[in-house]
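An overview of the molecular structure
Next come the chains, spelled out residue by residue.
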Amino acid sequence: MNSERMIRNFRPQDSDECLRLFHDTVHQINRRDYSPQQVRAWAPEDVDRVAWLERFRDRVALVACEGETIVGFTDMTRDGHLDRLFVSSQHQRRGIARELVSALAERAHKLGIRSITTDASITAKPFFAAMGFQTVRQQSVPYRGERFTNFRMRWKLADAFPESS
């Protein structure tokens, strides 16, 4: 089996594997920065699989694979909002998130998107800052009966693609 990493477009049949990866990552990694109640609200056991798949529709969505296994995924709306970026808890700190965001930025640049925004979790904020995202504001967001601190961040793609500015 080929264990080289590959970034490719998300396919509908990837949905369940991405959902499992998301659930595991939130419960294993994000629990460092969020309470057990927040983690359960964020990644409950009873996710609507149809709604989960629907969130990928009409987005730039990518997966990182090692062999046949999905080890990370990301998606961005057509107006440049990076919605989800998750890397398997067993594959953290290997450059996977960086590769996914770089590939997403290339796609965004080709689509004429001038900046990418995201609502970064406490856990992800240092990663996004290292990628060049600037914090716009701290937010307190209600979700499934809990309040979550996150950070609206923006990356001006002219910083990543200076030849086109």
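Whatever comes next refers back to the structure up there.
So, here is what we can say about the structure in this document. Quantities reported herein were computed from a predicted structural model and do not represent experimental measurements.

**Here we look at the sheet that holds strand β5 (residues 115-121)**
- Pairing is mixed across the open sheet formed by seven strands, whose spatial order is β1-β2-β3-β4-β5-β7-β6. Taken across any chain shown, the strands that pair with only one partner, and hence form the sheet edges, are β1 (5-9) and β6 (134-143). Each strand of the sheet is rotated relative to its neighbour by a mean of 25°, with strand direction disregarded.
- Across nine bridges, β6 lies against strand β7 (residues 146-156) in antiparallel orientation. When the bridges of β7 are listed, Thr135 appears paired with Met153.
- Together, β2 (60-66), β3 (69-76) and β4 (81-87) form the strand contacts of helix α1 (residues 15-28), whose direction differs from that of β3 by roughly 90°.

**So, the pattern of salt bridges**
- All chains considered together, the criterion is met by 12 salt bridges.
- Residue Arg8 is joined to Asp14 by a salt bridge in which the shortest nitrogen-to-oxygen separation is 2.8 Å. Across the pair, exposure class does not vary: Arg8 and Asp14 are buried alike.
- Linking Asp16 and Arg49 is a salt bridge whose minimum nitrogen-to-oxygen distance equals 3.4 Å. Of this pair, Asp16 sits in helix α1 while Arg49 sits in helix α3 (residues 49-54); the two residues are 33 residues apart in sequence, bridging distant segments of the chain.
- Looking at Asp16, the relative accessible area reads 33%, which means it is partly exposed.
- Through salt bridges with shared partners, a single ionic network connects Arg55, Arg59, Asp75, Asp83 and Arg84.

**Things to note about the pairing of β3**
- When you tally the buried positions in β3, you get seven out of eight residues, the bulk of the element.
- Bridge analysis of β2 against β3 gives seven bridges, and the strand direction is antiparallel. What sits directly across from Ala64, in β3, is Gly72.
- Where β2 folds back on β3, the antiparallel hairpin that results is connected by two residues, among which Gly67 adopts a positive phi of roughly 65°.
- Following β3, the chain reverses through four residues before pairing antiparallel with β4; Gly80 in that reversal takes a positive phi of roughly 95°.

**Focus on the side chain of His27**
- With respect to the helices, strands and loops of the structure, His27 is situated in helix α1.
- Overall, the relative accessible area of 18% leaves His27 in the buried class.

**A short note on the packing of aromatic side chains**
- Counted according to the given criterion, the structure contains 15 aromatic pairs.
- Measuring from centroid to centroid gives 3.9 Å for Phe10 and Phe56, while their planes differ by 10°, and the two rings are stacked. You can see Phe10 sitting in the loop between β1 and α1 and its partner Phe56 sitting in the loop between α3 and β2, a full 46 residues away along the chain.
- Taking the relative accessible area as the measure of exposure, Phe10 reaches 14% and is therefore buried.
- Since its relative accessible area comes to 5%, Phe56 is described here as buried.
- Where Phe127 meets Phe128, the ring centres are 5.3 Å apart and the plane angle is 70°; that geometry is what we call edge-to-face.
- Using a relative accessible area of 3% as the deciding quantity, one classes Phe128 as buried.
- Cluster of aromatic residues (ring-pair linked, three or more members): Phe10, Phe22, Tyr34, Trp42, Trp52, Phe56, Phe73, Phe86, Tyr143 and Phe148.
- Above the ring of Phe56, the side-chain terminus of Arg84 is found at 4.1 Å from the ring centroid.

What counts as what
Residues numbered from 1 in each chain as written. Predicted model: local features only at pLDDT ≥ 70, side-chain atom pairs only at ≥ 80, totals over all residues. Heavy atoms only, no water. Pairing = 2+ DSSP bridges. Helix = DSSP H or I, 4+ residues; strand = E, 2+ residues; numbered from the N terminus. Axes fitted to C-alpha atoms, helices over the stretch in contact; angles between N-to-C directions. Contact = heavy atoms within 4.5 Å. Salt bridge = Lys/Arg side-chain N within 4 Å of Asp/Glu carboxyl O. Buried < 20%, exposed > 50% of the residue type's maximum accessible area, 1.4 Å probe, protein only. Phe/Tyr/Trp six-rings, centres within 6.5 Å; stacked < 30°, edge-to-face > 60°. Lys NZ or Arg CZ within 6 Å of the ring centre and 35° of its normal.

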